[in-house]
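# Structural overview for review
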Amino acid sequence: MEELIDGGALNGKEKITELLNRRHKERELHIQAAKLERQKDAEGTEALQYFELSFEEKVKQIRNTLDGVAASDQKAQVFADCQNEIYDLQRYLSSSTFFLNEYRIKVCQNTINELGKLLDTLRNELLPKKKFGFKSKKIVKMISDKDAKDREDGGQTAEKTGASAENHIKWTFSERAGELIELRPAAVNDQTITASKLKNCLVRIEGHPGSLQFAQLDNCVVVCGPTARSIFLDDCTGCKFVVACQQLRCHRSRDCDMYLNVTSRAIIEDCSGIRVAAYNYRYENIEEDFRQSGLDLSCNNWHTLDDFNWLSTDKPSPNWSLLEGEQTITDWDSYLQRFQQQHSLASVNH
């Protein structure tokens, strides 16, 4: 009987001891968790302060450089360097979003956008590019003197009231459908080539143009030699672009394949269904065109795009992807021939 009592007392003591030990461990874990949380908050505050100082310093440096670009003897190089610094600033912001709140991200993004607009404005002012236009062989409807006067008056009114930018762009070619458009080196070297409102067209450009701008292309194929400066794409759908350049920006485009050789990371904004592969177009004398364009073939960031609509760093953007091996076009001569036959393209000489 006494043994049972002693045993029961012992079991009771063991339970109390076990309960006390459990509470002690829980208290230690709580203290440790609180300590780690305080350290995390301190580290987060420190990271935020470092980011703000670094970001502001980088912005200040870019602004100072742009403020002094007018006095530089190498304006083109200064603009290229500033463009790369803005890209680096965008990547810095993207990699820091995990400890920034939404308001701070928005403020920083607006600052980067303003720097980009300032750079574009100064570049247009200080580096004016003569645009090259082609004469169209299509029959144009004759207009009477009255119609001409009405159009002239309407144009003056539009300028006074601020008509849309598209009305003032001198497009190299526009409003074409079902055409094979071939541009030779003598016509495009170091020139700015622009095109808009093309449908089911094949555009083949040989040589080394200065810059390219394409807008509102639908189911078109554009194959081009190396472009010395920048390429701008806007509102294109279901197209293929085979291009090499320093910088590429693509806005408001959908379901397009891009074969790229690009020095800086290509930028997409408000886009979806963009697929990319390495530039693989070849033609006679392309090596010389690359040399004349000044592109660095050892630096090609075709596989990495900056999506301005996707700032998350732990998940890839759903708006672009890499072209798989079986989806990649390797024989462009055969593909372009099939495309021309499929759409019965009419050849247009320029």
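Because the structure is predicted, anything quoted here is derived from the model rather than measured.

Cut-offs applied
- Residues numbered from 1 in each chain as written.
- Predicted model: local features only at pLDDT ≥ 70, side-chain atom pairs only at ≥ 80, totals over all residues.
- Heavy atoms only, no water.
- Helix = DSSP H or I, 4+ residues; strand = E, 2+ residues; numbered from the N terminus.
- Buried < 20%, exposed > 50% of the residue type's maximum accessible area, 1.4 Å probe, protein only.
- Core = buried A, V, L, I, M, F, W, Y, C linked by side-chain atoms within 4.5 Å.
- Contact = heavy atoms within 4.5 Å.
- Arc of directions from axis to C-beta.
- 1 Å grid on protein atoms, 1.4 Å probe; cavity = no way out; pocket = protein on both sides within 12 Å on 5 of 7 lines; lining within 4 Å.
- Points joined across faces, edges and corners; volume = space filled by probe spheres on them.
- Nonpolar A, V, L, I, M, F, W, Y, C, P; charged D, E, K, R; others polar.
- Domains from an automatic or database assignment.
- Pairing = 2+ DSSP bridges.
- Axes fitted to C-alpha atoms, helices over the stretch in contact; angles between N-to-C directions.
- Polar contact = N/O pair within 3.5 Å; in protein donor to acceptor, adjacent residues only side chain to side chain.
- pLDDT = per-residue confidence, 0-100.
- Phe/Tyr/Trp six-rings, centres within 6.5 Å; stacked < 30°, edge-to-face > 60°.
- Lys NZ or Arg CZ within 6 Å of the ring centre and 35° of its normal.

Another aspect to go through is the overall build of the protein chain. Tallying secondary structure elements over the protein chain gives 7 helices and 15 strands in all. In the protein chain, which comprises 350 residues, the share counted as buried stands at 38%.

Before going further, it helps to examine the nonpolar core. Counting residues in hydrophobic clusters, the biggest one holds 37 residues, and the most contacted among them are F214, L217, F241 and L248. Each residue touching F214, except ones within four places of it in the same chain, is listed here: A195, I205, V222, F232, L233, D234, C236 and F241. If you look at the next biggest cluster of nonpolar residues, it comprises 21 residues, including Y259, F290, Y335 and L336.

For helix α6 (residues 286–293), the complete set of buried residues consists of I286, D289, F290 and S293. Considered in projection along α6, the buried side chains sweep an arc of 100° and stay on one side of the axis. Turned more than 90 degrees away from the buried face of α6 sit E287 and R291, all of them exposed. As for α6, its buried residues are in contact with β6 (221–226) and β8 (240–245). Phi turns positive, to about 80°, at G294, one or two residues after α6.

Attention shifts here to the layout of surface pockets. One water molecule sets the probe size; rolling that probe over the atoms shows where empty space is left. Approximately 310 Å³ is the volume attributed to the second largest pocket. Lining the second largest pocket are 18 residues, and of these R265, L305, D306, D307 and W310 sit closest to its centre. Broken down by secondary-structure element, the contributors of at least two residues to the lining of the second largest pocket are α2 (75–94) and β13 (305–307). Here the residues of the lining of the second largest pocket sort into 6 nonpolar, 7 polar and 5 charged. Looking at the lining of the second largest pocket, you find at least three residues from each of domain 1 (46–126) and domain 2 (173–349).

Attention now goes to the sheet that holds strand β9 (residues 247–251). On the basis of which strands lie adjacent, the open sheet formed by 7 strands has the order β1-β3-β5-β7-β9-β11-β13 and parallel pairing. Across the chains shown, the open sheet's two edge strands, defined by having one partner strand only, are β1 (173–177) and β13. Neighbouring strand axes in the sheet, compared pairwise and without regard to direction, differ in orientation by 15° on average. Two elements, β9 and strand β11 (residues 266–269), share 3 bridges in a ladder whose sense is parallel. Paired with R249 across the bridge in β11 is I267.

Along β9, 5 of the 5 residues are buried, which leaves the element largely enclosed by surrounding structure. Here β9 shows no split at all, with Q247, R249 and H251 on one side and L248 and C250 on the other all buried.

Bringing the environment of R123 into the picture now. One can find R123 in helix α3 (residues 102–126). Expressed as a C-alpha distance, the spacing of R123 and A76, which sit 47 residues apart in the sequence, is 8.1 Å. Reaching out from R123, the side chain makes a polar contact with the side chain of D120 at a distance of 3.0 Å.

What follows covers the confidence of the model for the protein chain. Taken over all residues, the pLDDT of the protein chain has a mean of 80, while the share at 70 or more is 79%. In the predicted structure, residues 1–5 sits below a pLDDT of 50 and forms 0 contacts with residues beyond four places in sequence or in another chain. In the model, residues 130–169 has pLDDT below 50 throughout and makes 29 contacts with residues more than four positions away in sequence or in other chains.

Quick look at the packing of aromatic side chains now. Any pair of aromatic rings gets described here by the distance separating the centres and the angle formed by the planes. Tallying each qualifying case throughout the model produces 8 aromatic pairs. Centre to centre, the rings of Y259 and W332 are 5.0 Å apart; their planes meet at 85°, and the pair counts as edge-to-face. Taken as a pair, Y259 in strand β10 (residues 257–262) and W332 in helix α7 (residues 332–342) lie far apart in primary sequence, 73 residues in all. Each member of the pair Y259 and W332 is classed as buried. Taken together, the ring pairs connect Y259, W332, Y335 and F339 into an aromatic cluster. The ring of Y92 carries K58 above its face, with NZ or CZ at 5.6 Å from the centroid.

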